[in-house]
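Here's the letter readout for the chains.
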Amino acid sequence: MTDKAKTGWNFENSYARLSDIFFANTNPTPVREPELVLFNETLASSLGLDGQALQQGGGVSILAGNEIPQGAMPIAQAYAGHQFGHFTMLGDGRAVLLGEQITPQEERIDIQLKGSGRTPFSRGGDGRATLGPMLREYIISEAMHALGIPTNRSLAVVTTGESVMRETALPGAILTRVASSHLRVGTFQYARKWGTKEQLQALADYAIERHFPHLVKDVERYRLFLREVSDRQAKLIANWQLVGFIHGVMNTDNMTISGETIDYGPCAFMNTYDPNTVFSSIDAQGRYAYGHQPRIGGWNLARFAEALLPLLHENQDQAVEIAQDEVARYLQVHHNYWLTGIRAKLGISNQEEEDEGLIEDLLQLMEDSGSDYTNTFRALTFDQYDEMALFNTNEFADWKKQWQARLERQAQSKQAIHELMRNSNPAVIPRNHRVEEALEAAVENDDYSVLKQLLDVLSRPYAHSADQREYCSPPPATDVPYRTYCGT
Ligand code: AMP
Ligand code: MG
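Report follows, based on the coordinates. (Residues numbered from 1 in each chain as written. Chains lettered and ligands numbered in written order. Predicted model: local features only at pLDDT ≥ 70, side-chain atom pairs only at ≥ 80, totals over all residues. Heavy atoms only, no water.)

**Re the coordination of the magnesium ion (ligand 2)**
Reasoning step 1: Looking at the magnesium ion (ligand 2), one finds its protein donor set to be N254 (OD1) and D263 (OD), positioned 2.1 to 2.3 Å from the metal centre.
Reasoning step 2: Classification of D263 as partly exposed rests on a relative accessible area of 22%. (Donors = N, O, S within 2.8 Å, 3.2 Å for Na, K, Ca; no water. Buried < 20%, exposed > 50% of the residue type's maximum accessible area, 1.4 Å probe, protein only.)

Quick look at the structure:
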């Protein structure tokens, strides 16, 4: 029986047909004792994979990097990036791309093992990952998908039976990461800095064909490519804000061309509404704070535009002008996505000029009263205001009158407004204390039941069902701020 018939792997390796400056052939380093601890059956079947076969011996060996499936061509991808504003060479230091799975729907999807050992881009690192952070990425990426936000997905987590040295020895693990590609702003920065113009152009043509095939024959394709990437970034960041997501490490190597969220190291969801919220332990200046995300998206886009300059026009001044024009559009495009989204959260489906004032007033009241972001919108959705101090104030009562008057000025029925709000305001988000509780049970006690229950609840964020109620509570008050870590 062929491997394809057995497990459904159906690889192509189009990225590896680019110039070899863009990657290094690298096999995963085998691990001692692989054990599958999480597997995403729904995702497996949408990829055309046989979940049963993959969860058995030979299948698990592949997810651990101990065996290379037929048709795969493992590589580590080269990329650069601005980390906290500083340009540097990076690349897959602890990941290999096995190849691109061609799904039954003819989609081309990257299959990457993360934590699979050293590569030529590892620098001082060990190429490995630890169990807690890989489980965390699995939980949050799958929650983001269920929230309707473009993201890389998680197919499996395998423990390696080896320990990984961090501050202490921790159990090693490998995550199988699934993405519509891993092309990043940083891939283009790498090409611009170390490649020829032809190599940069080949990379752009590749990205256009893969993600924006309608542009392939357009004479203005590089400019429009920049515009489409800008649009996807604008929409993605607006979507993050609308659910209270803080990415935490929006370095240019972590911003995809596809507009999917990647790199779940230090991300976290905000509880109390405060635009200055930062969770990442290394973000001392708050560069990637909740409220800075749109502006940072614009900064990253400017770096992308710079990388594309040689393709935008033969005349350098004109190329710069085109780049500036495109980057200048971004903030307005972002604002429009955000405004449409937050109107929907308030049940508003048409536009009035005063809407922005109404929205700003609510956000200010939330900030002043330290209200929980998700639960405020949930309370408005269900017209149930028992939980928070904000709801007992005169200011809120005044605001609510204006809001209700606003809702009456549109044609939608009460039922339609409620439906819109239900579908725009999640009941549950991956609350930090819930995620930590699930990780602790799994990592410390080898008990995955808490985690699986959490995954189930997070897989239907807009259900607003009775079994989700206990997952809606914000964390108990504490003096110790929640902290997240990168590259762990
Ligand atoms: P990240 O913070 O995950 O975006 O990673 C930044 C860079 O460090 C990327 O080039 C990673 O591949 C690399 N890196 C992170 N952790 C490790 C590790 N344990 N070993 C080797 N490289 C790593
Ligand atoms: Mg990264």
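**Examining the environment of A44**
Reasoning step 1: Within the element layout of this structure, A44 appears in helix 2 (residues 41–46).
Reasoning step 2: Residue classification places A44 among the buried residues on the basis of a relative accessible area of 0%.
Reasoning step 3: Each C-alpha atom of the pair A44 and T7 lies 10.0 Å from the other, and the pair is 37 residues apart in sequence.
Reasoning step 4: Discounting chain neighbours no more than four positions away, the residues touching A44 are F39, L49, G51 and L155. (Helix = DSSP H or I, 4+ residues; strand = E, 2+ residues; numbered from the N terminus. Contact = heavy atoms within 4.5 Å.)

**Description of the pattern of salt bridges**
Reasoning step 1: Enumeration over the complete set of coordinates arrives at 26 salt bridges.
Reasoning step 2: Measuring nitrogen to oxygen at the nearest pair gives 3.8 Å for the salt bridge that ties D92 to R184. Of this pair, D92 sits in the loop between strand 6 (86–89) and strand 7 (95–102) while R184 sits in the loop between strand 11 (169–179) and helix 6 (185–194); the two residues are 92 residues apart in sequence, bridging distant segments of the chain.
Reasoning step 3: Given a relative accessible area of 3%, R184 falls into the buried group. (Salt bridge = Lys/Arg side-chain N within 4 Å of Asp/Glu carboxyl O.)

**Quick look at a negative patch on the surface**
Reasoning step 1: A contiguous patch of negative charge, built from E353, E354, E356, E360 and D361, is present on the exposed surface.
Reasoning step 2: Secondary-structure assignment places E353 in the loop between helix 10 (316–345) and helix 11 (355–369).
Reasoning step 3: On the accessibility criterion, E353 (76% relative accessible area) is exposed. (Patch = residues over 30% accessible without salt bridge, like charges linked within 9 Å, V, L, I, M, F, W, Y side chains within 5 Å. Areas by Shrake-Rupley, 256 points an atom, 1.4 Å probe, with all protein chains shown as cover. Lys, Arg positive; Asp, Glu negative; His and termini not counted. Charge placed at Lys NZ, Arg CZ, Asp CG, Glu CD.)

**Section: unusual backbone geometry**
Reasoning step 1: In the Ramachandran plot, E106 falls in the positive-phi region, its phi being about 65° despite a non-glycine side chain.
Reasoning step 2: One can find E106 in the loop between strand 7 and strand 8 (108–114).
Reasoning step 3: Look at E106 and you get exposed, because its relative accessible area is 66%.
Reasoning step 4: Even without a glycine there, the phi angle at R123 is positive, about 45°.
Reasoning step 5: Within the fold, R123 resides in the loop between strand 8 and strand 9 (129–130).

**What to know about the site of ligand 1**
Reasoning step 1: By nearness alone, 17 residues border ligand 1, and G91, G93, D126, G127 and D263 come closest of all.
Reasoning step 2: Within the side chain of D126, an N or O atom sits 3.0 Å from a nitrogen atom of ligand 1.
Reasoning step 3: Contact with the protein chains covers 85% of the free accessible surface of ligand 1, which is 480 Å².
Reasoning step 4: Built from parts of two domains, the shell around ligand 1 gets at least three residues from each of domain 1 (4–179) and domain 2 (195–431). (Near = heavy atom within 4 Å. Polar contact = N/O pair within 3.5 Å; in protein donor to acceptor, adjacent residues only side chain to side chain. Domains from an automatic or database assignment.)

**Topic: the side chain of T160**
Reasoning step 1: Secondary-structure assignment places T160 in strand 10 (residues 153–165).
Reasoning step 2: Classification of T160 as buried rests on a relative accessible area of 3%.
Reasoning step 3: Among the polar contacts listed, one links the side chain of T160 to the backbone nitrogen of E162, at a separation of 3.1 Å.

**A short note on helix 7 (residues 197–211)**
Reasoning step 1: With 15 residues, helix 7 extends 21 Å between its outermost C-alpha atoms, agreeing within 8% with the 21 Å of an ideal straight helix rising 1.5 Å per residue.
Reasoning step 2: Listed as buried for helix 7 are Q199, L200, L203, A204, Y206, A207, I208, R210 and H211.
Reasoning step 3: Those residues of helix 7 that are buried lie in contact with strand 7, strand 8, helix 6, helix 8 (221–242) and helix 9 (293–312). (Expected span 1.5 Å × (residues − 1).)

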